[in-house]
Every structure is written in structure tokens, then in C-alpha cells.
Amino acid sequence: MDKPLGYWLMHLHDLLEEQFARSLADLGLSRRQWQALNFLSRGDTTREELATALTHFSTDGGPDPLEGLTARGWAASTGEGVVTLTEAGRVTHLEASKRVEVSRATVLGGLTLDQYAETIRILSVMAGNVETDLARS
């Protein structure tokens with residue numbers, strides 16, 4: 001415990017970014033595009049719903065992930081702001097999903113499901129504590 005929580009959070013974040021970049025590079029898919037692709041795999045959505053779902057993931061100030069997906073023909077607007085995955089997008093999602101599962105298994109190696117669940121619980125409590133404190137000030 002020689003390093004504080006913030007160090008480990010940022011270090012893990014940076015490592016995850018690099019892992020995603022390497023895992024998805026040959027697909028031409030960024031981590032943010034993966035997150036958009038994965039969200040769209042659940043069903044048609046609006047641009048606004050997608051943007052809301054990705055709010056906490058889009059901290060890099062990079063390009064709109066949806067633009068990259070539509071440029072490659074993996075997503076399409078069906079009118080009235082509704083976005084859907086194309087068949088090519090479903091194929092790409094399936095391939096990327098396999099790779100993401102391998103990456104997740106690597107991250108969770110040596111942890112039990114209970115340990116993972118407890119880690120998530122603890123981090124969510126910490127986040128809630130800070131949110132409450134910030135709301136007060």
C-alpha cells in the first residue's frame with residue numbers, strides 16, 4: 001500500500017487503454033468506438049441516448065465514436081435520429097466481443113467473482129462519497 005488509490009486508478013486506466021488499443025487495432029476500432037458498438041448491439045437507439053450512455057467513457061476529448069462507426073458502414077442512421085448497427089457492424093461487434101472477453105479475463109485473473117463484486121462495490125461507495133461531498137459544496 002505504498003501508493004495511493006489515485007495512482008492505482010490512473011495506472012489501471014492507462015493499462016486498460018493500451019490493452020484495448022492493442023487488442024482492437026487491426027479492426028481499426030478504438031476503445032470509445034467499441035463502447036458505442038457494444039451499446040448499439042443491444043438495439044436501435046437515438047444519438048442522444050448513445051451520447052448519454054457514453055458520457056463517463058468519453059473523457060479523452062477525441063472524435064465522436066459514432067462518426068467512425070458510420071464512416072466504416074458499421075452503424076447507420078435510420079431517420080429521426082435513430083441509429084442502428086448494420087450487418088457489417090454486427091460482424092465486427094462479434095469479433096471485437098471475443099477479444100474484449102479475453103482482455104477482461106486477463107484483467108480479472110486471480111480474482112474470484114466475489115472479490116470483483118466487492119471491488120466494484122467499494123469503488124461505487126467511494127464515488128458516491130465524493131459525489132455527495134461535491135454536491136454539498
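For the structure itself, consult the block above.
**Quick notes on the overall build of the protein chain**
Argument step 1. Assigned secondary structure in the protein chain consists of 6 helices and 3 strands.
Argument step 2. Listing each helix as α and each strand as β along the protein chain from the N terminus yields α-α-β-α-α-β-β-α-α.
Argument step 3. Summarising its shape, the C-alpha atoms of the protein chain cover approximately 50 × 40 × 25 Å along the three principal directions.
Argument step 4. The buried share of the protein chain, reckoned over its 137 residues, is 26%.
Argument step 5. When contacts within the protein chain are restricted to residue pairs at least 6 apart in sequence, those whose partners lie at least 24 apart make up 58%.
Argument step 6. Of the roughly 9,300 Å² that the protein chain leaves accessible, carbon and sulfur atoms contribute 60%.

**Some remarks on the packing of helix H1 (residues 5–24) against helix H5 (residues 87–107)**
A pair of packed helices is captured by two measures, namely the crossing angle of their axes and the spacing between those axes.
Argument step 1. Remark: H1 packs on H5, axes separated minimally by 10 Å, with the N-to-C direction vectors making an angle of 145°. Here the hand of the crossing between H1 and H5 comes out right-handed. Of H5, the residues touching H1 (which contributes Leu 16, Gln 19, Phe 20, Ser 23 and Leu 24) are Ala 96, Arg 99, Val 100, Ser 103, Thr 106 and Val 107.

**Details of the pattern of salt bridges**
Argument step 1. Considering all chains together, one arrives at 9 salt bridges under this definition.
Argument step 2. For Glu 17, the salt bridge is made with Arg 31, and the minimal N-O distance between the two is 2.9 Å. Note that Glu 17 is positioned in helix H1 and Arg 31 in helix H2 (residues 31–40), a separation of 14 residues in sequence.
Argument step 3. Among the residues examined, Glu 17 registers a relative accessible area of 23% and is labelled partly exposed.
Argument step 4. Here Glu 118 and Arg 121 are joined by a salt bridge, their closest N and O atoms 2.9 Å apart. Linking Glu 118 with Arg 121, this pair stays in helix H6 (residues 113–136), spanning 3 residues, or about one helical turn.

What counts and what doesn't
Residues numbered from 1 in each chain as written. Predicted model: local features only at pLDDT ≥ 70, side-chain atom pairs only at ≥ 80, totals over all residues. Heavy atoms only, no water. Helix = DSSP H or I, 4+ residues; strand = E, 2+ residues; numbered from the N terminus. Buried < 20%, exposed > 50% of the residue type's maximum accessible area, 1.4 Å probe, protein only. Contact = heavy atoms within 4.5 Å. Areas by Shrake-Rupley, 256 points an atom, 1.4 Å probe, with all protein chains shown as cover. Axes fitted to C-alpha atoms, helices over the stretch in contact; angles between N-to-C directions. Left-handed = near helix turned anticlockwise from the far one by under 90°. Salt bridge = Lys/Arg side-chain N within 4 Å of Asp/Glu carboxyl O.

That is the geometry; function is a separate question.
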